[in-house]
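# A closer look at the structure
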Amino acid sequence: MTIKAIALFSGGLDSTLAVKVVQQQGIDVIGMTFVTPFFGPEKAITAAHQTGVHLEVVDITEAHLTMLRAPRYGFGRNMNPCIDCHALMLRIAGGKMPELDASFLITGEVLGQRPMSQTRQSLQVVGKYSGYGDVIVRPLSARLLPETTPERDGLIDRSRLLDIQGRGRKRQMELAESFGITEYSNPAGGCLLTDPMFSKRLKDLFKFKPDYRVKDIELLKAGRHFRLNERTKVIVGKNEKDNTTLQGLISTDDIVLHAKDRPGPIVVMPAGSDPADLRTAAAICARYTGGAKGGKILIEYTLGENTDRLEIEPAEPDWVASFMI
């Protein structure tokens, strides 16, 4: 009978090596990667294609957003709840073991590589909180960690697992060479929750719009953001790419502004903003409009099927900057 395991697979070097180490024992490994508004599967899909790993892509947006509002173990430097996030992923992967006929879970975690989330204590907490602690094998550091049920039951040979620890990556790079892995991504994570600017915008969203939608989170990724008051936020596209992104996210209940007959940004007042702040938003739009060198600028604005125009002078740069999130 073929033994199967589910690997949390980010597509980074460590998770790829963990899969390879386990596959050496004849174990069938199924990679699993996750999707939220804060990180996607692209890196994992690329790595799975390069290494021949079968990959399951699972959208965990709803569960992740629920966790993010009140993570049991708090946040890191920004809005990254790494311990709770990893426990959630393991809990979901563990719940899929019967469906995929898998006997245990594996991860690419390395003891001591990350000072907060990969200490001995943190790894133990993650395992316990996930509900699957005794069936999580960490092949790259397993011989430095307590023996797990799969090892005790002979499903995987502990003596053929590794004892890597610390932040250095020399051993991983040597191991990659031995496996013929020549291309792998930078170890820096792709999670937006570790980004200071994005985290600041997300905190603002949680504070002022508790009934946010996923679209509101997607809007955080583009443009300049200005908080005018408790109800109103203004988003200004910085370039053509931002304008295209904002146009793709616009709903009929958003107010959308742009300069008439001049190059300039798309400006969005997301649904729920106070229409009384329209002139302020228009002045901000005029501030970033190309060719604005004094005098009034004609701004066109749309709400649903209704379109109108107003003339307004550009807002002063220092005044606009005072509202920036």
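Before reading on, note that the structure itself is shown above.
Keep in mind the model is a prediction, meaning the values are calculated, not measured.

Bringing helix 1 (residues 13-23) into the picture now. The α-helix advances 3.6 residues per turn, and as a result positions three or four apart in sequence lie on the same side. In terms of burial, helix 1 is a largely internal element, 10 of the 11 residues being buried. Those residues of helix 1 not exposed but buried are Leu13, Asp14, Ser15, Thr16, Leu17, Ala18, Val19, Lys20, Val21 and Val22. Structurally, helix 1 contributes buried residues whose contacts are with strand 1 (4-8), strand 2 (28-35), helix 2 (42-51), strand 4 (104-106) and helix 8 (170-178).

With that settled, the discussion passes to the packing of helix 4 (residues 82-95) against helix 6 (residues 120-130). Contact geometry of helix 4 with helix 6 gives a least axis separation of 8 Å together with a crossing angle of 45 degrees. With respect to helix 6, the element helix 4 is oriented oblique. As helix 4 packs across helix 6, the resulting crossing turns out to be right-handed. Listed contacts from helix 6 to Ile83, Asp84, His86, Ala87, Leu90 and Arg91 of helix 4 are Ser122, Val125, Val126, Tyr129 and Ser130. The class makeup of the residues in the contact of helix 4 with helix 6 is 6 nonpolar, 3 polar and 2 charged.

As a further point, take the sheet that holds strand 11 (residues 306-312). Strand order in the open sheet formed by 6 strands is 6-7-9-8-10-11, and the pairing between neighbours is antiparallel. Both edges of this open sheet fall to strand 6 (224-227) and strand 11, since each of them pairs with a single strand only. Across the sheet, the axes of successive neighbouring strands diverge by a mean angle of 20 degrees, strand direction being ignored. Where strand 8 (residues 255-259) and strand 10 (residues 297-303) come together, 5 bridges link them in antiparallel fashion. Each bridged residue has a counterpart across the sheet, and for Ala259 the counterpart in strand 10 is Ile299. Where helix 12 (residues 278-287) meets the sheet, it contacts strand 6, strand 7 (233-236), strand 8, strand 9 (267-269), strand 10 and strand 11, and its direction lies at approximately 65 degrees from that of strand 11.

Calculation rules
- Residues numbered from 1 in each chain as written.
- Predicted model: local features only at pLDDT ≥ 70, side-chain atom pairs only at ≥ 80, totals over all residues.
- Heavy atoms only, no water.
- Buried < 20%, exposed > 50% of the residue type's maximum accessible area, 1.4 Å probe, protein only.
- Helix = DSSP H or I, 4+ residues; strand = E, 2+ residues; numbered from the N terminus.
- Contact = heavy atoms within 4.5 Å.
- Axes fitted to C-alpha atoms, helices over the stretch in contact; angles between N-to-C directions.
- Parallel < 35°, antiparallel > 145°, perpendicular 65-115°, else oblique.
- Left-handed = near helix turned anticlockwise from the far one by under 90°.
- Nonpolar A, V, L, I, M, F, W, Y, C, P; charged D, E, K, R; others polar.
- Pairing = 2+ DSSP bridges.

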